[in-house]
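Understanding the architecture of this molecule
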Amino acid sequence: MNHIKLSVLGSKGAGKSALIVRFLTGRFIGEYASTSECIYNKQVTVDSKTTNVEIYDPCTQPTKQNPPLSEELSRADGFLVVYDISHRSTFIFAKTLICSLRDSQLKTCKRDTETVVFLIGNKQDLCHVREVALEEGQIAALEYRCQFFELSAAEQCQEVADMFTSIMRKIIHNIKMKEKQRPSGSKSMAKLINNVFGKRRKSV
Ligand SMILES: Nc1nc2c(ncn2[C@@H]2O[C@H](COP(=O)(O)OP(=O)(O)OP(=O)(O)O)[C@@H](O)[C@H]2O)c(=O)[nH]1
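What comes next is a walk through the structure. (Residues numbered from 1 in each chain as written. Predicted model: local features only at pLDDT ≥ 70, side-chain atom pairs only at ≥ 80, totals over all residues. Heavy atoms only, no water.)

Here's the deal with the sheet that holds strand β2 (residues 38-46)
The pairing of strands in a sheet happens through backbone hydrogen bonds and is either parallel or antiparallel. Filter applied, for reference: Two strands are counted as paired when DSSP detects at least two bridges linking them. Here a strand is any run of E in DSSP of at least two residues, a helix any run of H or I of at least four, and the numbering for each starts at the N terminus. Inter-axis angles, ranging from 0 to 180 degrees, are taken between N-to-C directions of lines fitted to C-alpha atoms, where helices are fitted over the stretch in contact.
The 6 strands lie next to each other as β2-β3-β1-β4-β5-β6, forming an open sheet whose pairing is mixed. Each edge of the open sheet carries a strand with a single partner, namely β2 and β6 (147-150). The average angle at which neighbouring strand axes cross in this sheet is 25°, direction not considered. Taken together, the 4 bridges between strand β5 (residues 116-122) and β6 define a ladder with parallel strand orientation. Paired with Gly-121 across the two strands is Glu-150, which belongs to β6.

What about the packing of aromatic side chains?
Short version of the rule: Paired rings are identified among Phe, Tyr and Trp, the last through its six-membered ring, by centres lying within 6.5 Å, and are further divided according to the angle between planes into stacked (under 30 degrees), edge-to-face (over 60) and tilted (the rest). Ring-over charges, as used throughout, are those where CZ of Arg or NZ of Lys falls within 6 Å of the ring centre and within 35 degrees of the ring normal.
Under the defined criterion, the tally for this structure stands at 3 aromatic pairs. Considering the side-chain rings of Phe-23 and Phe-164, the 4.2 Å spacing of their centres and the 10° angle between planes classify their relative orientation as stacked. Highlighted residues: Phe-23 in helix α1 (residues 16-25) and Phe-164 in helix α5 (residues 158-181), separated in sequence by 141 residues. Lying across the ring of Phe-23, Lys-42 places its NZ or CZ 5.8 Å from the centre.

Looking at the packing of α1 against α5
The test is simple: Oblique is the label for any angle not under 35 degrees, not over 145, and not in the 65 to 115 range, which are roughly parallel, roughly antiparallel and roughly perpendicular in turn. Two residues qualify as a contact provided that any one of their heavy atoms is within 4.5 Å of a heavy atom in the partner residue. Only Asp, Glu, Lys and Arg are considered charged, only Ala, Val, Leu, Ile, Met, Phe, Trp, Tyr, Cys and Pro nonpolar, and every remaining residue, Gly among them, polar.
Where α1 contacts α5, the two axes come as close as 9 Å, and the packing angle between them is 90°. By the angle between their axes, α1 is roughly perpendicular relative to α5. Between α1 and α5, the contacting residues are Leu-19, Ile-20, Arg-22 and Phe-23 on the first element and Val-160, Ala-161, Phe-164 and Met-168 on the second. Tallied by class, the residues present in the contact of α1 with α5 amount to 7 nonpolar, no polar and 1 charged.

Shown next as structure tokens:
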């Protein structure tokens, strides 16, 4: 079974909890008591493979010191960076976050494949008070090499589910690529150990 970890980052009020709850329950709940960070676990099926996904919601609090992004990087396999299309400041913060993620990754160099980051423009239903154009989100995603979705946790269930499936599929693909790139020595070592113990088991 695949085990993957997602972190959902973004400004206070961008809709992180609403997106997560919509994915986990299929429902939209208007208000959340976001007093502390939350970690959700769910078993899902991605391309007919059972996958355990852990979702970390920092529940951004003005007084809460969120962990440094390098810590986030080591914790998560992928990131949803959420902004509210009706508040430009959340979009600017989202771009800052992605920049920091990319910079932190370069510094830590702990990963050979680039961290999976999805830029999410939420509250698409508030297009009558839109402050961030769709094209701006698309251009930012191209610039920061991430996938882009504009949607509404309040009004769209399938689209939110499809977005989560898409990032989980991308993460699983990356994990498989990394396993393939693993130095052949470790593979042959595993094969050797299997042969030795395997033969011994056969003789017993
Ligand atoms: N119209 C509309 N409102 C939304 C949508 N998603 C979330 N909201 C509302 O936006 C407010 C903030 O949503 P949350 O999910 O708590 O946002 P958050 O990013 O988790 O906020 P913090 O936990 O404080 O960081 C709530 O009043 C939600 O009902 C959406 O797609 N459309």
